[in-house]
Amino acid sequence: MPLLCKQCNGRRFPIAFTEERDALWLCEKCKNFVNIKDEIIREWTEQEIEENKLKLEDFNKNITKEKTPEIKRRSGVN
Ligand SMILES: [Zn+2]
């Protein structure tokens, strides 16, 4: 499994693409994708990096917006 990047030894993340049969593994440091056989497929494009950034921002916004649900106090049994 291409879980670790050969170049920087960093963690790779599986990214699913609709046009690819298998997920590709991304190293955010080296900015490239490898396939399941650990062969470099392509670079992480500027556009994808931007999209990823936006997604992360959205994600963080949602987290801060949504208040953590208060733990419901158990009403006494009986
Ligand atoms: Zn790397």
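Residues numbered from 1 in each chain as written. Predicted model: local features only at pLDDT ≥ 70, side-chain atom pairs only at ≥ 80, totals over all residues.

Q: How would you sum up the sheet that holds strand β1 (residues 13-15)? Please name residues and give values.
A: Taken in spatial order, the 4 strands line up as β1-β2-β3-β4 in an open sheet, and their pairing is antiparallel. Each of the sheet's edge strands pairs with one partner strand only, and the pair in question is β1 and β4 (40-43). Strand-to-strand twist across the sheet, computed as the mean angle between neighbouring axes with direction ignored, equals 35°. The pairing of β1 with strand β2 (residues 24-27) spans 3 bridges and is antiparallel. Of the residues in β2, the one forming a bridge with Ile-15 is Leu-24. (Pairing = 2+ DSSP bridges. Helix = DSSP H or I, 4+ residues; strand = E, 2+ residues; numbered from the N terminus. Axes fitted to C-alpha atoms, helices over the stretch in contact; angles between N-to-C directions.)

Q: Could you give an account of the nonpolar core, naming the residues involved and the relevant values?
A: Of all hydrophobic cores here, the largest spans 6 residues; its members are Leu-24, Trp-25, Leu-26, Cys-27, Phe-33 and Val-34. Those elements that place two or more of their residues in this core are β2 and β3 (32-34). Per-element tally for this core: the top contributor is β2, with 4 residues. Ignoring any residue separated from it by four or fewer positions in sequence, one finds Trp-25 in contact with Pro-2, Arg-12, Phe-13, Pro-14, Phe-33 and Val-34. (Core = buried A, V, L, I, M, F, W, Y, C linked by C-beta atoms within 7 Å. Buried ≥ 20, exposed ≤ 12 C-beta atoms within 10 Å, placed from the backbone. Contact = placed C-beta atoms within 7 Å.)

Q: I'd love a proper account of the environment of Asp-38, names of residues and values included.
A: Its location among the elements puts Asp-38 in the loop between β3 and β4. Looking at Asp-38, the number of C-beta atoms within 10 Å reads 14, which means it is partly exposed. Taking the C-alpha atoms as reference, Asp-38 lies 8.6 Å from Cys-5; in sequence the two are 33 residues apart. Not counting residues up to four positions away in its chain, the partners in contact with Asp-38 are Pro-2 and Lys-6.

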